[in-house]
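Listed below are the residues making up each chain.
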Amino acid sequence: MVESRAFSAPGKALLVGGYLVLDPKYKSYVVALSARMHGVVSKHESEDNHTRVTVTSSQFNNDSWSYIVEENNAFFPNSVDGKRNPFIEMAIFNVFTYFKPDLSNKLDIQIEIFSDSGYHSQAGSVLKRNSFKEFSYHSHSITEVPKTGLGSSAGLATVVTAALVSVFNPNLDVNRDQDLTLIHNLAQVAHCQAQGKVGSGFDVAAATFGSIMYQRFDPRLITDLPEHSAGQIYGQQLRSLVNQVDWKVTIERVRLPDQLRLVMGDVNSGSETTKLVAKVISWYNANLPRSLDVYEELNCLNEEFIKTLGVLNSLAAKDPNRYAQMMEALNGGGYKRIMAFSELAKLRNCINCIRENFRLITKESGADIEPSVQTELLDACMWLDGVLTAVLPGAGGYDAISLITTKDADIRSQTEGNSAFDAVTWLDLSQADIGLVEENPIHYQDLK
Ligand SMILES: Nc1ncnc2c1ncn2[C@@H]1O[C@H](COP(=O)(O)OP(=O)(O)OP(=O)(O)O)[C@@H](O)[C@H]1O
Ligand SMILES: C[C@@](O)(CCOP(=O)(O)O)CC(=O)O
């Protein structure tokens, strides 16, 4: 019998810290989501004289990417049919290079990818399920299906990395921090190289560790690695970076306060983060020192927001009566009653001021971080019963919006038939703080 293993990793919403988190000195707050990316891996003896890795994503018009990997080609994956996926390629390259496996017995490694519905707009998809899981099947390839911005590429890089690590280290245990750190470091390198070295890595960190307060590592750790073609030298430096170097990254596990939850709404559009980042960086550089003042102010607001969530968290445990009154106020108590609670007022004021600063950057940089249609939508959300805050997560723009609401808030029924919310599809997902987990491979069989 062929032995399989399966892993899954969550999507993310960066609630505060967008853009600033690209600089290691600023903190961000990332919520991991119930929408997850899954990878099921099996290892066979190769039937020809090659080691092969084939990754299939049958949900997307039977997409598949097949690579031959050889030591004498410095483990650089060579596409069998010219079809390429940079995230998969860089995960294969870095895991093989790290383990430097003896490939005299040729392997045939197969990885099946499954992604939960929240990652992509669902128009025209068909559900297939078994008694454990259900997934949406699309008639188009992965690059043609609109995404919601939950970090599918980070999830993919993380599960493919975990799957391959499990092939070369059968004792892999994702409940051990040391093993998680190995996967995190390798997946960061792979994702960063595949993405063109622009991201802060918060998405890979959340895919691995779950909901976190995140401060990034120095980007030079990865950009200073030698060219891939450097072969052995690349391998030595990669192993040293992954095993020995202190990344000086802050990853502290967090959770939203009790009785609060995250609601995400897809606006069916999507934004290109790399283009937004390029515009913001050029605005920042052209407007120093004023732009630094804007960032410093944003940072104070972000820190205040993160701190106040912590205060709410302890209040829920220490003073449950007052906490219950706060939840009641949010559930339709009206503006005055909500703002009478200093912690709630603080959280709302922080978000209002953060949004104001991003509208200023939007105007001055030309990057659509909070375009006016989204301003109207977020403002409309703030009037709904049960809503504490409404933000554009991450890079902003036209990716899904994020609300923090009470657990009793019924956003769907309050917005149904209201033209202010015509553009929004509420996603069927919530926060789920856990990062990478091992799954049962049987749960992915016989989907109908
Ligand atoms: N289920 C999947 N199967 C195979 N490849 C996938 C899958 N999901 C995502 N990908 C890869 O990730 C790419 C999308 O990554 P991209 O970084 O643009 O979006 P994202 O990570 O979902 O969103 P964001 O960066 O806004 O959080 C796809 O083009 C594809 O290469
Ligand atoms: C703009 C940025 O800070 C956040 C991007 O977030 P998202 O991928 O749009 O959710 C970039 C990054 O941190 O990688």
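Cut-offs used in this document
Residues numbered from 1 in each chain as written. Chains lettered and ligands numbered in written order. Predicted model: local features only at pLDDT ≥ 70, side-chain atom pairs only at ≥ 80, totals over all residues. Heavy atoms only, no water. Near = heavy atom within 4 Å. Polar contact = N/O pair within 3.5 Å; in protein donor to acceptor, adjacent residues only side chain to side chain. Areas by Shrake-Rupley, 256 points an atom, 1.4 Å probe, with all protein chains shown as cover. Helix = DSSP H or I, 4+ residues; strand = E, 2+ residues; numbered from the N terminus. Nonpolar A, V, L, I, M, F, W, Y, C, P; charged D, E, K, R; others polar. UniProt positions renumbered as here; feature names shortened; annotations may be inferred. Buried < 20%, exposed > 50% of the residue type's maximum accessible area, 1.4 Å probe, protein only. Contact = heavy atoms within 4.5 Å. Pairing = 2+ DSSP bridges. Axes fitted to C-alpha atoms, helices over the stretch in contact; angles between N-to-C directions. Phe/Tyr/Trp six-rings, centres within 6.5 Å; stacked < 30°, edge-to-face > 60°. Lys NZ or Arg CZ within 6 Å of the ring centre and 35° of its normal. Domains from an automatic or database assignment. Buried area = accessible area lost by both parts, 1.4 Å probe.

J.: Whenever I open this one, the site of ligand 1 confuses me. Can you help?
T.: Neighbouring ligand 1 are 19 residues, the closest being Lys12, Ser57, Lys147, Ser152 and Ser153. Between ligand 1 and Ser115, the relevant distance is 3.4 Å, taken from a nitrogen atom to a side-chain nitrogen or oxygen of the residue. Interatomic distance of 3.3 Å between a backbone N/O atom of Gly149 and an oxygen atom of ligand 1. About the coverage of ligand 1: the protein hides 86% of its 640 Å² of free accessible area. If you list the elements that add at least two residues to the shell around ligand 1, you get strand 6 (107–115) and helix 2 (152–168). The residue inventory of the shell around ligand 1, partitioned by class, reads seven nonpolar, nine polar and three charged.

J.: Explain the UniProt feature "domain: GHMP kinase N-terminal" (unreviewed entry) in the protein chain to me, please; I cannot follow it from the model alone.
T.: The sites that carry the UniProt feature "domain: GHMP kinase N-terminal" (unreviewed entry) are, in the present numbering, residues 135–210. Structurally, residues 135–210 comprises 57% helix and 4% strand, and the distance from its first C-alpha atom to its last is 21 Å.

J.: What should I look at first to understand the side chain of Glu439 in this one?
T.: Secondary-structure assignment places Glu439 in strand 15 (residues 437–439). For Glu439, a relative accessible area of 16% puts it in the buried group. A polar contact is formed between the side chain of Glu439 and the side chain of Lys133, at a distance of 3.0 Å. When sequence neighbours within four positions are dropped, the list of residues in contact with Glu439 reads Ala6, Phe7, Ser8, Arg36, His38, Lys133 and Tyr444.

J.: Got a minute to help me understand the sheet that holds strand 13 (residues 401–406) in this structure?
T.: Across a sheet, strands are paired by hydrogen bonds formed along the backbone, either parallel or antiparallel in direction. Taken in spatial order, the four strands line up as 12-13-11-14 in an open sheet, and their pairing is antiparallel. The sheet is open, and its two edges are formed by strand 12 (387–391) and strand 14 (425–426), each paired on a single side. With four bridges joining them, strand 12 and strand 13 adopt antiparallel strand pairing. Its bridge partner being in strand 13, Thr389 is matched across the sheet by Ile404. Here helix 9 (residues 320–330) sits on the sheet in contact with strand 11 (260–266), strand 12 and strand 13, set at roughly 25° to strand 11.

J.: Got a minute to help me understand the environment of Phe132 in this structure?
T.: Within the secondary structure, Phe132 sits in the loop between strand 7 (126–129) and strand 8 (134–137). As for Phe132 and Val424, which are separated by 292 residues in sequence, their C-alpha atoms are 29 Å apart.

J.: Can you walk me through the packing of aromatic side chains in this structure?
T.: Each aromatic ring pair is specified by the distance between its two centres and by the angle formed by the two planes. On inspection of all chains with the given rule, the structure shows 16 aromatic pairs. Summarising the aromatic geometry, the rings of Phe217 and Trp247 are spaced 5.0 Å apart at their centres and angled 70° between planes, so their arrangement reads as edge-to-face. Taken together, the positions of Phe217 in the loop between strand 9 (212–215) and helix 5 (220–223) and Trp247 in the loop between helix 6 (232–243) and strand 10 (250–253) put the pair 30 residues apart, joining distant regions of the chain. Both residues of the pair, Phe217 and Trp247, belong to the buried class. Ring geometry for Trp283 versus Tyr295: centroids 6.5 Å apart, planes at 35°, classification tilted. One end of the pair, Trp283, is in helix 7 (residues 273–286); the other, Tyr295, is in helix 8 (residues 290–318), with twelve residues separating them in the sequence. On the basis of relative accessibility, which here comes to 8%, the residue Tyr295 falls in the buried class. Stacked on the ring of Trp65, the Lys or Arg Lys83 has its end atom at 4.8 Å from the ring centre. Just above the ring of Phe217 sits the side chain of Arg216; from NZ or CZ to the centre is 5.0 Å.

J.: Where do I start with the domain arrangement of the protein chain in this structure?
T.: By convention, interface size is frequently given as the accessible area that disappears when the constituent parts associate. With domains assigned, the protein chain is organised as domain 1 (4–253 + 434–444) and domain 2 (260–426). The straight-line distance from the C-alpha centre of domain 1 to that of domain 2 is 29 Å. Of the roughly 2200 Å² buried where domain 1 meets domain 2, counting both sides, 70% is carbon and sulfur surface. When the buried area of domain 1 at its contact with domain 2 is split by residue, Leu15, Tyr19 and Leu20 rank highest and sum to 32% of it.

J.: I tried to follow the pairing of strand 2 (residues 28–45) on my own but got confused; where do I start?
T.: The side chains of a regular strand alternate, residue by residue, between the two faces of the sheet. Judged by how many residues are buried, strand 2 sits mostly within the fold: 14 of 18 residues are covered. Taken together, the eleven bridges between strand 1 (residues 4–16) and strand 2 define a ladder with antiparallel strand orientation. Bridging across to strand 2, Ala6 finds its partner in Val40. Two strands pair when backbone bridges link them, and strand 2 and strand 9 are joined in this way by three bridges, in the antiparallel orientation. Across the sheet, residue Ser28 finds its bridge partner in strand 9, namely Tyr214. Here nine bridges tie strand 2 to strand 6, and the two strands are oriented antiparallel to one another. Counterpart to Lys43 in the pairing with strand 6 is Ile109.

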